[in-house]
Amino acid sequence: MRHLLAATALAALASIAVASAPQLTSTQRDMAHAMFAHLINTPTVIGRHKVPEMAQYLADQFKAGGFPAEDVHVMPYHTGSATTGDDDTAALLVRWRAVGTPSAKPILLMGHMDVVEAKREDSTTDPFVMTERDGYYYGRGTIDMKDGITAITQAMINLRKAGFQPKRDIAVLFTGDEETNGIGAKKGAGEWLELLGHPEFGLNADGGGGGFNADKSPAGFTMQTAEKTFAGYTLTVRNRGGHSSKPRKDNAIYSLAHALDRIEAYRFTPMLNDTTRAYFEGRAKLEKGPLGDAMRRWLDNPNDGEAADFIEASESEVGLTRTRCVPTRLFAGHADNALPQLATAMINCRIFPGIEPNAVKAELEKIVADPTVVVTRNEDNVASLASPLRPDVTEAYTRAIRTLHPGMPIFPEMSTGASDARPFRVAGIPVYGVNGAWVQVPTDFRAHGKDERIPVQSLYDNVVHWQMMLRDLAGK
Amino acid sequence: MKGVTAALLAAAISTGASAATDPRTVPTQLPPAWQAKTRELLKQAIEIPSVHNRGEMPRMAKLLADQFRAAGIPDSDIHIMPYEALPGDKTAALIVRWRSPKATRKPMLVLGHMDVVEAKREDWKYDPFVFREEGGYFLGRGSSDMKDGDVATTMAAIKLMSEGFKPNRDIIFFYSGDEETQGKGATLASTQWRNLTDAEFGLNADGGCAAYDRDFRPLGCGISIAEKTFQTYFFTTHNPGGHSSRPRPDNAIYDLADALERLRAHRFQPMLNDATRGYFTERARQEGNSVLGEAMRRWLANPNDGAAADAIEANPLEVGLTRTRCVATMLKGGHADNALPQSAEATVNCRIMPGVQPKDVQAELQQLVGPKVEVKPDPNYIGVPTPASRLRPDVLAAVTKAVQRFHGPAMRVYPVMSTGASDGSFFRAQGVPVYDVDGSWGISPEDERAHGLDERTPVRSMYDDVLHWEMIYRALAG
């Protein structure tokens, strides 16, 4: 799930010395182009069984690039749920071993190979045939996130060919179900952790990135360091029911409707963390008008709930000031002529990092304030944590971005969505969304949408970006 | 669908004779030879599992048809009419005409249904489709709803034929095959098959009118002469939706929840008709000086006394009898746990007072919930309002005489309005008055097991019901 920069202009981090930008050779460009086309043309949508094929293709490319077969693993696994359907999918795990004694634990490079569905009739050109037009590559997955898969793979192959020898292991985990069930990431942070060498931190290509405005001015890059915790809850009301010709005073549907009305009216307490504070500081510097004023008031006084409410109500800031819960599904009753014996609502919550989902369950019970409305959790996710801002990662990212885009503002970001990073952060492995792709904002924000695309130059820049990141972070 | 009058009254009785004889132990007046025939036919009927979609209705129709044929009804007057009810449910109805040699009046219609509600072996103490006699009861699915009525109406006719009785009007028997699901048989019979069924009035055997309470006090016999119109509406809300990590201020589920909160608080206008006036007059007599009885008297004296009507409606025994009622019965909404709902829908089931148009109820609901919510009737079933049937003195007299022969004068007979729908409604809608006058009875509430577990009927109820119908045929067609 890709969350590109939504803001228009951002504050800079501390100034970092940058060198002139390296370029890809024309051979390297051709390789990147060919791999990208192959990946886009493989429709890795859930249910189409194409992820194992893509994983095998990438494994073959790594091996052809000189990576020993015993360090390249295609790991088939099953994914599925009642709402997404099932698939036999796969992950790709690669280990580039350090020469001699590693200087530190491995760096994990992360991405996902699956894409969300795209229908031919909803797209201008076939979304599963890569099309190059007007300086863009079009196709499903061009920004979410076969660009990142291509960039990491090409960067590693290029570096190896160039004779680069990492001082610490570089591990790669490309999952096959990030857009649906995230089982690959759970396995990565669990049973596959040994294969990955217990990495110290992760660099996720499914996060970060940046943009330029329509007038070519820099809009900024983000580094994703935190994400809200995804948690589902079920409200359940049971009733004796009966014949609908004789309505009872108590009715499961009415009790549920009343509970939903209370949730609609409720506002969770606003919260700030390091990531969002840095984000809003950046935003406040550039945002004129009442929204910028509200940001400044809130940063001055985190107890100014009114200011936080004003920010939350802005379309560009929804979900950034607090935990949000919203009903997404309803089910009730068994026949049109029978009083309901059961009524349920699914409540989807995006919980502020660090808050336990069990605490939100208790809060929902308090909001509903009706013991006949039973609140249960749909899964056992634990709280997602914000990853601490590491100076080495921040500096490497900033250096890479500014080498390619001098003067580009960069700022940390909390994602309101869920990604593969969560199980790693929960397992104590910080993860940073640090992809190097850029787009034109907002016209290229098309992840999950129609006519997804990426500028041609952005794909090549991203390969260079990851080469620089790896030289910087694994070269010493 | 079985009437619920008896259950309504069970807890309400405050007057009447003190502990009396157990009515189940009183000997039946049906001669032993006819008891044996009746028992055998009921056994065969119950052991045909005529549940929708099981394809058993033609066999059930043939069983009844064979009885009439054996008694001398010519094949030309016996029609097994195949039709499809629920999609794929190939069912059948039976229409039999017992001709009068010299008819002096328009025909009389006797109605019943041959289908039964599903019953699962694992839910029941015994196999629901194996006939049993135990403890003074006949047990099995359909023993009270309503294979007992099928058997009684058929057997009474056969008995009269064997005794040489000649009706002075044609008696038409109509047994439908999908009363419990679609009511399509009755729809067809009251329209397309009207040439075979046209009658001055109908007598429905679906549901006995009489009952006793646990102390064996008679609760009365309610003749249903009207029924509320069944109409389901859908409340639908729409929204552009989006990603659930970024909730919008507007939300299809919230809009629907608001509408349901309004529906919960809404009260339709109280109304009285001939059926409910008769019913509440009897109930007020039973209630005596209780608060409920006083409210009934106030309302009868002044139909504009809304407070009195509200007090009556609030009593669990009287729910649905003072006005149209609508209640939310089902919900669905959304398409994924992590996506904002693009639509949400509530099913709202209404029971509309006789004579009120469903489209007027729709307009009232639409006004109630406002423009964010679309209110539409279920396109698969558009209710047709039915007028209350005028209670005919000849029917009332015949039923009273029959009921009191078996239960004495304490078993009072009065009109009621049914809150549920039955096959009778389709005929009422076409101008044929229908009266629910079956003579079966039970102990309330213990024997109220229609649609439920371990359904049963007292042995004596089954046997005396044959005589009950015999008396009614004699009185109204003799």
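The structure displayed is predicted, hence computed values, not measured ones.

Rules and cut-offs
- Residues numbered from 1 in each chain as written.
- Chains lettered and ligands numbered in written order.
- Predicted model: local features only at pLDDT ≥ 70, side-chain atom pairs only at ≥ 80, totals over all residues.
- Heavy atoms only, no water.
- Helix = DSSP H or I, 4+ residues; strand = E, 2+ residues; numbered from the N terminus.
- Rg over C-alpha atoms; globule rule 2.2 N^0.38 Å.
- Buried < 20%, exposed > 50% of the residue type's maximum accessible area, 1.4 Å probe, protein only.
- Areas by Shrake-Rupley, 256 points an atom, 1.4 Å probe, with all protein chains shown as cover.
- Contact = heavy atoms within 4.5 Å.
- Buried area = accessible area lost by both parts, 1.4 Å probe.
- Salt bridge = Lys/Arg side-chain N within 4 Å of Asp/Glu carboxyl O.
- Polar contact = N/O pair within 3.5 Å; in protein donor to acceptor, adjacent residues only side chain to side chain.
- Expected span 1.5 Å × (residues − 1).
- Arc of directions from axis to C-beta.
- Disulfide = S-S within 2.5 Å.

Caption draft 1: View of the overall build of chain A. Helix and strand counts for chain A stand at 12 helices and 17 strands. For chain A, the C-alpha radius of gyration of 24 Å lies close to 23 Å, the compact-globule estimate for 476 residues. Structurally, chain A occupies a C-alpha span of about 80 × 50 × 50 Å along its principal axes. Taken across its 476 residues, chain A has 60% of its residues classed as buried. Put simply, chain A shows about 17700 Å² of open surface, and 53% of that area lies on carbon and sulfur atoms.

Caption draft 2: Focus on the overall build of chain B. The helix and strand inventory of chain B stands at 14 helices and 18 strands. In terms of overall size, chain B behaves like a compact globule, its C-alpha atoms giving a radius of gyration of 24 Å where 478 residues would be expected to give roughly 23 Å. Taken over the C-alpha atoms alone, chain B extends approximately 80 × 55 × 45 Å along its principal axes. Looking at the 478 residues of chain B, the share that counts as buried comes to 61%.

Caption draft 3: Examining the interface of chain A and chain B more closely. In this complex, chain A contributes 47 residues to the contact, which on the side of chain B involves 48 residues. For the chain A and chain B pair, buried surface summed over both sides reaches about 3900 Å², with 56% attributable to carbon and sulfur atoms. Where chain A meets chain B, there are one salt bridge. Here D337(B) makes a salt bridge to R329(A), at a shortest N to O gap of 3.7 Å. Joining chain A to chain B, the criterion identifies 19 residue pairs in polar contact (both at pLDDT 80 or more).

Caption draft 4: Structural detail: helix α7 (residues 289-300) of chain A. Residue and element names in this part refer to chain A. Here α7 is 12 residues long and its end C-alpha atoms lie 17 Å apart, about the 16 Å a rise of 1.5 Å per residue gives. Buried within α7 are the following residues: L291, G292, A294, M295, W298 and L299. Projected onto a plane normal to the axis of α7, the buried residues spread over an arc of 155 degrees and lie on a single side. Residues of α7 that are exposed and point more than 90 degrees away from the buried face comprise P290 and D300. Contacts from the buried residues of α7 go to α6 (274-286) and α8 (305-312).

Caption draft 5: Up close: the environment of G220(B). Residue and element names in this part refer to chain B. Structurally, the position occupied by G220 is in strand β9 (residues 218-227). With 10 residues separating them along the chain, G220 and A210 place their C-alpha atoms 5.5 Å apart. Sequence-distant contacts of G220, defined by excluding residues within four places in its chain, comprise C209, A210, A211, M411, R412 and Y414.

Caption draft 6: Representation of the state of the cysteines. Following the criterion strictly, the structure yields three disulfides over all chains and no others. At a sulfur-sulfur separation of 2.1 Å, the disulfide partner of C325(A) is C349(A). The chirality of the disulfide connecting C325(A) with C349(A) is right-handed, given an S-S dihedral of about 115 degrees. Highlighted residues: C325(A) in strand β11 (residues 324-332) and C349(A) in strand β13 (residues 342-351), separated in sequence by 24 residues. Take C325(A): its relative accessible area is 9%, and that puts it in the buried class. C209(B) shares a disulfide with C221(B); S-S distance 2.0 Å. With the S-S bond torsion at -100 degrees, the cross-link from C209(B) to C221(B) turns out left-handed. Here C221(B) lies in strand β9 and C209(B) lies in the loop between β7 (201-208) and β8 (210-212), a separation of 12 residues in the sequence. For chain B, the bonded cysteines connect in the pattern 1-2, 3-4 when numbered consecutively along the sequence.

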